Protein chains: 2
Amino acid sequence: MKIVIIGGVAAGAKAAAKAKRMLPEASVNIYTQDTHVSYSTCGLPYYIEGVFENYEKLIVRTKSEFEKSGINIHLQNRVTKINPESKKITVLNLQTNENYEVEYDKLVIATGAKPVIKGFERIINKKNVYTLRTLEDGVLIRDKMRTVQNITLLGGGYINIELLEAFVKNGKNVTLIEKSPFIMPILDEDISILVQTYIMENSNNQVKIITEDYISEFIGEDEITGIITSKGIGFDTEMVVISVGVRPVVDIATDAGIELGVTGAIRVNSRMETSIKDIYACGDCAEKVHIISNTPVWIPLGSTANKEGRTAAMNLCGEHKDFEGVLGSSVTRYLGLNISKCGLTEKEARKLGYDTVSTVVTKKDKAGYMPEVENITLKLIADMRSHRILGAQAIGCGDADKKIDSISVGLANNMEVKDLLDVDLTYAPPFSASVDILHSAARIIQSKLRN
Amino acid sequence: MKIVIIGGVAAGAKAAAKAKRMLPEASVNIYTQDTHVSYSTCGLPYYIEGVFENYEKLIVRTKSEFEKSGINIHLQNRVTKINPESKKITVLNLQTNENYEVEYDKLVIATGAKPVIKGFERIINKKNVYTLRTLEDGVLIRDKMRTVQNITLLGGGYINIELLEAFVKNGKNVTLIEKSPFIMPILDEDISILVQTYIMENSNNQVKIITEDYISEFIGEDEITGIITSKGIGFDTEMVVISVGVRPVVDIATDAGIELGVTGAIRVNSRMETSIKDIYACGDCAEKVHIISNTPVWIPLGSTANKEGRTAAMNLCGEHKDFEGVLGSSVTRYLGLNISKCGLTEKEARKLGYDTVSTVVTKKDKAGYMPEVENITLKLIADMRSHRILGAQAIGCGDADKKIDSISVGLANNMEVKDLLDVDLTYAPPFSASVDILHSAARIIQSKLRN
């Protein structure tokens, strides 16, 4: 059995490891254009910040560790073509520039995602313009950051909020530009505005946020030295990081005739099978199902990639395993503010036709007399018709992530508001409040459902 | 409408507040032998430790705050008799020593629990022997603790583990005696032993734990000055705290003909109604239903008391509200070690006839390269026949409570092992691991279920 895997960061690395454990006699080969396999992309902002010095800490499993377990890693070998008829792939060795073909019995596409650069094609190759995706990107950004004082972040999503924290902690002045009315457009606006307010109030005047605006002019030749926005705001800059979104890497899949889903990512079933037999896709290049709405979504996250890689491996090794989908659970932080969500936001739910009911509650996360007490603000969203909980967002210096994980498990089990009202959560003064914010929010929603 | 409530700590105080909000025109009276109402019993160990100086911080709502909202508080007024025929209670004013009668339309019994002193009757009135239940107990223990060096704790459950932390942080030498083979008998032994090991390794030689032993002799007249155990271990002591269990306060209820349940606590239905019309019971004096086993249990906790007080109030005010029961979720800590559980332990489950399957997994709670990373050890227990998750225990310096709260929500929703396998939990390096310990444990259990 020849198992070939394209891509080796999260889904690909997991698929390879799991397949080799299940079928030790199979040949397992990973081909990647990258210089490393099996590393934590999510950890790059903390490497850039300087939380640790050696980027090799981000590597989950090294090439030689893979090879010791019998998995062959082909770094800097880009797969350029899949031929499903002959069950072969064409590979370009980026170091020798030679092409060669490889046979497969089972193929796993785990090509991941890449940063969107649409609208920035003109500047993407300037010396001081960056995107963050690979280990090399992280090393370049960290090295450059240390030599400059004024940095511009384009985009106000997760990656740039994490980079903002890294840069601010390093004493830099940062201007962040987001085209939406608020940063973190993944959240509802009433929560985004709280995040934005916190950032402005806790960043020692190092941060400037410009929203509902975009760049109209970049100044500079080899390097960008200044920026002018469409509203006429102008400022100097020494470094630009573009994080305005990512998109799935699907070129070789579509070239081979593999179908994409409505989101533009590779369509897969719950066993991670693509439209072509013996070809699987998993991780950021693959479409997912949202468990709440039962609609196709594309939410690329490392935690999901891991589960999908495992699912693909189990199925291609002959064991039936379904991956049911995602809840859009995610978390990040900015200088002590934890920001977390799961399920649908209210705006997403309304767009999908739900008659939503919601509440926003602020409450202490522990007994008020304990020194470690902090606030959490929780937004809970439910469906007026079914009374099902649709999603939640929590921010605060308190344990927002803890609350959202609890709700995530509820969402995965079709929890209704009444099931949350009295749920027996752990209580002790250093850990929680005797009336938990989940109870408080559920009670308010319950009374709204009655009216 | 005359609403009379007996007891005012957690359930009683909550019932009074909720009833007054729902029926502002009703008269609401709390009678209690205590000197305070509405305080956090669970916070007493932290007051004793010195986390805060003023015990009034433990008071959730003062007498005058209650009275401002129209609720009458009768402190140091002990209810001595309930007469369901005439719908009257007899009250003894402890300050004037006068008896009087009070009429009720609806009566709520929230008399709570009291420490077990069986076997210690001979010493309970000695000057340096304490139990911890009320605010006064807390003040006395704290004052005494500050004047001594060598303290003996009888019992190895939650309260004494919290007192142990308080005393050790204050530099005291403590001997703890537990008659079971391990401390924290509320946990399975494989987890208890880890807690015990941690305590012994992290207490700067201030702690001695004696298990499978009991006191055979107390030395001293007015004060206990020495102890000899049944195994012949002898030592001096300056102070003794007995926390060998609590029992529900049900005397006036049984005198009135109100039925108790098999646990010895007052039997109530899901609306907190006792066997006698218009009399409700809630909080530590009332029996509960365990949601997993659907059996009567008596697990007295402040968080439950709060929900039951609210439920009683809603029902007596005419709104239908059910309280479904408890999961035995609880948490505590000892010098950085978080100790948490929910659902059934394996020993409880086996006693109930379940064919259990379990696993114990130790894993990092966050990305390994983050400085805040800590370990968690999780025991997950499932039912071999139904594949339902029955319970979990988590300990560690990491976020054990977070994991247990997530499982608690799953338990409340009849979660099966397969539902936990791929559940979409929040992931980011400062908050969690990309493969969560819940996923790891579920995968191991799943493979055991297959075999």
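Scroll up a little and you will see the structure.
Everything quoted here is computed from the prediction, not taken from an experiment.

Draft legend 1. Representation of the overall build of chain A. A count of helices and strands for chain A gives 12 helices and 25 strands. Taken over C-alpha atoms, the radius of gyration comes to 23 Å for chain A, in line with the 22 Å a tight globule of 451 residues would show. By its C-alpha atoms, chain A is 65 × 55 × 40 Å across when sized along the principal axes. Going through the 451 residues of chain A one by one, you find that 61% of them count as buried.

Draft legend 2. Structural view of empty space enclosed by the protein. Residue and element names in this part refer to chain A. Counted under the stated rule, the structure contains 1 cavity of 30 Å³ or more. One number sums up the size of the largest cavity: a volume of about 30 Å³. Forming the walls of the largest cavity are Lys 364, Asp 365, Ile 376, Lys 403, Ser 432, Ala 433, Asp 436 and Ile 437.

Draft legend 3. Examining the interface of chain A and chain B more closely. Counting from both sides, the interface comprises 64 residues of chain A and, opposite them, 64 residues of chain B. At the boundary of chain A with chain B, total buried surface from both sides reaches about 5300 Å², with 58% on carbon and sulfur atoms. Applying the counting rule to chain A against chain B returns 8 salt bridges. Here Lys 321 of chain A and Asp 422 of chain B are joined by a salt bridge, their closest N and O atoms 2.4 Å apart. Counting across the chain A and chain B interface gives 24 residue pairs in polar contact (both at pLDDT 80 or more). For the side of chain A that touches chain B, the elements supplying multiple residues, two or more each, are helix H8 (302-316), strand S21 (330-334), strand S22 (337-343), helix H10 (400-412), helix H11 (417-421) and helix H12 (437-450) of chain A. If one sorts the elements of the side of chain A that touches chain B by residue count, H10 of chain A sits on top with 10 residues.

Draft legend 4. Quick peek at the sheet that holds S21 of chain A. Residue and element names in this part refer to chain A. Read across the sheet, 5 strands follow the order S21-S22-S25-S24-S23 without closing on themselves; strand pairing throughout is antiparallel. With partners counted over all chains shown, the strands left at the sheet margins are S21 and strand S23 (356-364), one partner each. Direction aside, neighbouring strands of the sheet carry axes that sit 10° apart on average. The sheet contacts of helix H5 (residues 158-169) involve S21 and S22, and relative to S21 the element is tilted by about 25°. Against the sheet, H12 touches S23 and strand S24 (375-383), its axis set at about 150° to S23.

Draft legend 5. Broad picture of the relation of the copies chain A and chain B. In the superposition of chain A on chain B (RMSD 0.0 Å, axial shift 0.0 Å), the rotation amounts to 180°. Both copies of the chain, as the preceding transformation shows, are related through a two-fold rotation axis. Within chain A, the C-alpha atom positioned nearest to the axis of rotation is that of Ser 406 of chain A, 2.0 Å from it. Take the interface residues of chain A: 100% of them recur as interface residues in chain B, which is what a same-surface contact looks like.

Draft legend 6. Broad picture of the sheet that holds strand S7 (residues 106-109) of chain A. Residue and element names in this part refer to chain A. Reading across from one edge, S3-S2-S1-S7-S18 is the order of the 5 strands in this open sheet, with parallel pairing throughout. Looking at the sheet topology across the chains shown, the edges are occupied by strand S3 (71-74) and strand S18 (279-281). The mean angle between the axes of side-by-side strands here comes to 20°, regardless of whether they run parallel or antiparallel. Direction of pairing for strand S1 (residues 2-6) relative to S7: parallel, over a ladder of 4 bridges. Paired with Ile 5 across the bridge in S7 is Val 108. Contacting S1, strand S2 (27-31), S3 and S7, helix H1 (residues 11-22) runs over the sheet at an angle of about 170° to S2. Sitting on the sheet, H8 touches S1, S7 and S18, and the angle it makes with S18 is about 160°.

Draft legend 7. Structural detail: the pattern of salt bridges. Under the defined criterion, the tally for this structure stands at 52 salt bridges over all chains. In this structure, Glu 319 of chain A engages Arg 450 of chain B in a salt bridge whose closest nitrogen and oxygen atoms are separated by 3.2 Å. Here Glu 319 of chain A is found in the loop between H8 and S21, whereas its partner Arg 450 of chain B is found in helix H12 (residues 437-450) on a different chain. By relative accessible area, Glu 319 of chain A is classed as partly exposed at 24%.

Draft legend 8. Structural context of the side chain of Lys 379 of chain A. All names here are of chain A. Secondary-structure assignment places Lys 379 in strand S24. At a separation of 3.1 Å, a polar atom in the side chain of Lys 379 contacts the side chain of Asp 188. Ignoring anything within four residues of it in the chain, the contact list for Lys 379 reads Asp 188, Asp 190, Ile 191, Glu 346, Ser 358, Thr 359, Val 360, Gly 391, Ala 392 and Gln 393.

Draft legend 9. View of the environment of Val 91 of chain B. All names here are of chain B. Here Val 91 lies in strand S5 (residues 88-93). Through-space distance from the C-alpha of Val 91 to that of Gln 33 is 9.6 Å; in sequence the pair is 58 residues apart. Residues contacting Val 91, with those up to four places away along its chain left out, are Tyr 31, Asn 77, Arg 78, Val 79, Thr 80, Glu 98, Asn 99, Tyr 100 and Val 102.

About the criteria used
- Residues numbered from 1 in each chain as written.
- Chains lettered and ligands numbered in written order.
- Predicted model: local features only at pLDDT ≥ 70, side-chain atom pairs only at ≥ 80, totals over all residues.
- Heavy atoms only, no water.
- Helix = DSSP H or I, 4+ residues; strand = E, 2+ residues; numbered from the N terminus.
- Rg over C-alpha atoms; globule rule 2.2 N^0.38 Å.
- Buried < 20%, exposed > 50% of the residue type's maximum accessible area, 1.4 Å probe, protein only.
- 1 Å grid on protein atoms, 1.4 Å probe; cavity = no way out; pocket = protein on both sides within 12 Å on 5 of 7 lines; lining within 4 Å.
- Points joined across faces, edges and corners; volume = space filled by probe spheres on them.
- Contact = heavy atoms within 4.5 Å.
- Buried area = accessible area lost by both parts, 1.4 Å probe.
- Salt bridge = Lys/Arg side-chain N within 4 Å of Asp/Glu carboxyl O.
- Polar contact = N/O pair within 3.5 Å; in protein donor to acceptor, adjacent residues only side chain to side chain.
- Pairing = 2+ DSSP bridges.
- Axes fitted to C-alpha atoms, helices over the stretch in contact; angles between N-to-C directions.
- Least-squares fit on C-alpha atoms with pLDDT ≥ 70 in both.

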